[in-house]
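Inside the fold
Read off the chains here:
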Amino acid sequence: MGFDFRGKTAVVTGGANGIGLAMARALAAGGAAVWIWDLARERPAEAGAAFGARGVVVDVAERASIDAALAASGAPDVLMVNAGTVTFASLSETTAEDWNRTLAVNLSGAFHTIQAAAGLMKPRRAGAIVITASTNSFDGESDLIAYNATKAGLLGILRTAANELGPYGIRVNAVCPGLIRTRLTRAHFAQSAVIKDYFRHIPLGRGGEPEEVANAAAFLASDLASFITGAALVVDGGQLAAKFGVWNDERAEFVADRWRLK
Ligand SMILES: NC(=O)c1ccc[n+]([C@@H]2O[C@H](COP(=O)([O-])OP(=O)(O)OC[C@H]3O[C@@H](n4cnc5c(N)ncnc54)[C@H](O)[C@@H]3O)[C@@H](O)[C@H]2O)c1
C-alpha cells in the first residue's frame, strides 16, 4: 500500500528499531524527508542511512535533546511518537527506578515531544501526530504495571492534544498494537508453547509484524485520514474484541507460529 508524503518532513521517535523503523521506512517510501530519533547505542544515523532517512541521537526523557533535534529538522508535518521501553515486574517487585524510567520515557517523553513539536507546528495550521499506545492501554496484563500505566496515560495525552490542536489543523491519533514481533517481544516469540497459548485468544491466530502497525500509522498520518482525530486504532488481530479464545485443538492446528483451521 502506498501513501503520499511528498514534500513533508516526518519525525519518528524510537525509529531505529521495530515498529518505529517500519514507520520510518513507510514514510520514506511515501516521499517524506524522514528524521529518526533514537538513543546513541541504537545508532540512528546508520539505521536511517539504508533508506535515505537522517538519524539524530535523542533521549526523549531529556527535553533539551528533543529541542535540539527539532532545531535541526524544523517543524515536522508528521510526528510519530513511538519511543518506548518496558520492564517486566509485578506490582510488589517494581522498583522506584523502573517506575520512574518507564514514565520518563513512555509518558513524559511523549508529552515533551508533542509539546515541543506542537509549538512549531501550530503556526503552520497543519500536521499529523500519531502516538504508539498499546492494547495495554485498555487492559491490566500482569507484571507490566508501569508500562500499562504509561500506555493508559497516553490515551489522556491523545485526547487532550487532539482537542487542543484541532483548531490549528493538527490531527492527533494513536495506534494500539497487540503482540508485534520486535525485540521488545523477542522473549515471547522465542517460546513456541507460550505464543501457541497466547495466540489462541487472537481471532486472526497470530502475532503482528511491525509493518502492519506502520501501515495503520501511515494511514492516520496521511491526508486519507483528513477527518480523523482523537482516535485510537487497535491493531491486534482482533485480540481485544475476543473475550474468550477462539482457537482449540479439535478444529485447528498451530503451525509456523500461527493457528489455522484443520
Ligand atoms: N512490540 C509490541 O508487541 C508492542 C505492542 C504494543 C505497543 N508497542 C509499542 O511500540 C513502540 C515501539 O516498540 P517496539 O516493539 O518497536 O520495540 P523496540 O525496542 O524495537 O523499539 C523501541 C525503540 O524506542 C527506542 N527508545 C527507547 N527509549 C528511548 C528514549 N529514551 N529516547 C529515544 N528512543 C528511545 C529504543 O532504542 C528502540 O529503538 C513502543 O512504544 C512500544 O511500547 C509495542
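First, a word on what this report is: a plain description of the structure on this page. Sequence order as written defines residue numbering, which begins from 1 separately in each chain. Only residues with pLDDT of at least 70 get local features here, since the model is predicted, and only at 80 or more are side-chain atom pairs given and counted; chain-wide, interface and lining totals rely on the full set of residues. Calculated side-chain values reflect all of the structure's heavy atoms, with hydrogen atoms and water omitted.

**Quick notes on the site of the ligand**
Spelled out, the test is: Working definition: residue near molecule or strand if any one of its non-hydrogen atoms lies within 4 Å of it. Polar contacts here mean pairs of N or O atoms no more than 3.5 Å apart (in protein, one a potential hydrogen donor and the other a potential acceptor; neighbouring residues in sequence count only if both atoms are side-chain atoms). Classification used: nonpolar for Ala, Val, Leu, Ile, Met, Phe, Trp, Tyr, Cys and Pro, charged for Asp, Glu, Lys and Arg, polar for all others including Gly.
With respect to spatial proximity, 28 residues lie near the ligand, and among them N17, D38, D59, Y147 and T182 are the closest. Here an oxygen atom of the ligand sits 2.6 Å away from a polar atom, N or O, in the side chain of D38. The backbone of I180 places a nitrogen or oxygen atom 2.8 Å from an oxygen atom of the ligand. Here the residues of the shell around the ligand are counted per class, giving twelve nonpolar, ten polar and six charged.

**Topic: the packing of aromatic side chains**
This is how it is decided: Stacked, tilted and edge-to-face pairs are distinguished by plane angle, under 30 degrees for stacked and over 60 for edge-to-face with tilted covering the rest, among Phe, Tyr and Trp rings (Trp via its six-membered ring) whose centres lie within 6.5 Å. In this description a helix means any DSSP run of H or I spanning at least four residues, a strand means any run of E spanning at least two, and both kinds are numbered starting from the N terminus. Under the scheme applied here, a residue whose accessible area is under 20% of the maximum for its type counts as buried, over 50% as exposed, and between as partly exposed, the area being computed with a 1.4 Å probe on protein chains only.
In the structure shown here, the tally under the stated rule is six aromatic pairs. Between W247 and W259, the aromatic rings sit 6.4 Å apart at their centres with planes inclined by 15 degrees, giving stacked as the arrangement. Within this pair, whereas W247 is found in the loop between β7 (232-235) and β8 (252-255), its partner W259 is found in strand β9 (residues 258-261), the two being separated by twelve residues in sequence. With 5.4 Å between their ring centres and 55 degrees between their planes, F254 and W259 make a pair best called tilted. The residues F254 and W259 share a single accessibility class, namely buried. An aromatic cluster is present here, built from F189, Y198, F199, W247, F254 and W259 joined pairwise through their rings.

**Quick word on the environment of G245**
Quick reminder of the rule: In what follows, a contact means two residues having at least one pair of non-hydrogen atoms within 4.5 Å.
Tracing the sequence through the fold places G245 in the loop between β7 and β8. Judged by relative accessible area, which is 41%, G245 ranks as partly exposed. Here the alpha-carbon distance between G245 and P203, two residues 42 residues apart in the chain, equals 7.8 Å. Leaving out residues up to four positions away in the same chain, G245 has contacts with R200 and H201.

**So, the sheet that holds strand β4 (residues 78-81)**
Where we set the bar: Pairing between two strands requires that DSSP report at least two bridges joining them. Angles here are taken between N-to-C directions and fall from 0 to 180 degrees, while the axes themselves are lines fitted to C-alpha atoms, restricted in helices to the stretch in contact.
With parallel pairing, the seven strands of this open sheet are ordered in space as β3-β2-β1-β4-β5-β6-β7. Bordering the open sheet on either side are β3 (54-57) and β7, each of which pairs with just one other strand. Averaged over all pairs of adjacent strands, the angle between their axes in this sheet comes to 20 degrees, without regard to strand direction. Helix α5 (residues 145-165) contacts β5 (127-132), β6 (170-177) and β7 of the sheet and is inclined by roughly 160 degrees relative to β6. Its contacts with the sheet put helix α8 (residues 210-221) on β4, β5, β6 and β7, and the angle it makes with β6 is roughly 165 degrees.

**Concerning the packing of helix α4 (residues 96-121) against α5**
The line we're drawing: Any angle between 65 and 115 degrees counts as roughly perpendicular, while under 35 counts as roughly parallel, over 145 as roughly antiparallel, and the rest as oblique. The sense of a crossing depends on the near helix, which, turned anticlockwise from the far helix by less than a right angle, makes the crossing left-handed and, turned clockwise, makes it right-handed.
At a minimum axis separation of 9 Å, α4 and α5 run at an interaxial angle of 15 degrees. Taken together, the axes of α4 and α5 lie roughly parallel to each other. Seen from above, α4 lies across α5 with right-handed handedness. Residues W99, T102, L103, N106, L107, A110, F111, I114 and A118 of α4 lie in contact with α5, whose contacting residues are I145, A146, Y147, A149, T150, K151, G153, L154, I157, A161 and L165. Residues of the contact of α4 with α5, tallied by class, amount to 15 nonpolar, four polar and one charged.

**Describing the pattern of salt bridges**
Applicable threshold: Counted as salt bridges are all cases of a side-chain nitrogen of Lys or Arg within 4 Å of a carboxyl oxygen of Asp or Glu.
Tallied over the full model, the rule gives 14 salt bridges. When the shortest N-O distance is used, the salt bridge between R181 and E209 registers 3.1 Å. Here the residue R181 occupies a position in the loop between β6 and α6 (186-189), and E209 occupies one in the loop between α7 (192-199) and α8, the gap between them amounting to 28 residues. Judged by its relative accessible area of 35%, R181 falls in the partly exposed class. Ionic pairing is found between R200 and D197, a salt bridge with its closest N-O pair at 3.0 Å. Exposure remark for R200: the relative accessible area of 17% places this residue in the buried category. Classification of D197 by relative accessible area gives partly exposed; the value is 43%.

**Overview of the packing of helix α3 (residues 63-73) against α4**
Packing of α3 against α4 leaves a shortest axis separation of 10 Å and a crossing angle of 35 degrees. Here α3 runs over α4; the crossing is right-handed. Side by side, α3 and α4 meet where R63, I66, D67 and L70 of the first sit next to G109, H112, T113, Q115, A116, A117 and L120 of the second. Partitioning the contact of α3 with α4 into residue classes produces five nonpolar, four polar and two charged.

**Description of α3**
The condition is simple: Starting at the helix axis, one direction is taken to each C-beta atom, and the arc is that of these directions.
For α3, every residue scored as buried is listed here: S65, I66, A69, L70 and S73. One side of α3 carries all its buried residues, which in axial view fall inside an arc of 135 degrees. Exposed and oriented more than 90 degrees from the buried face of α3 are A64 and A71. Buried residues along α3 sit in contact with β1 (9-13), β2 (33-38), β3 and α4. Immediately downstream of α3, the backbone of G74 shows phi near 80 degrees, a positive value.

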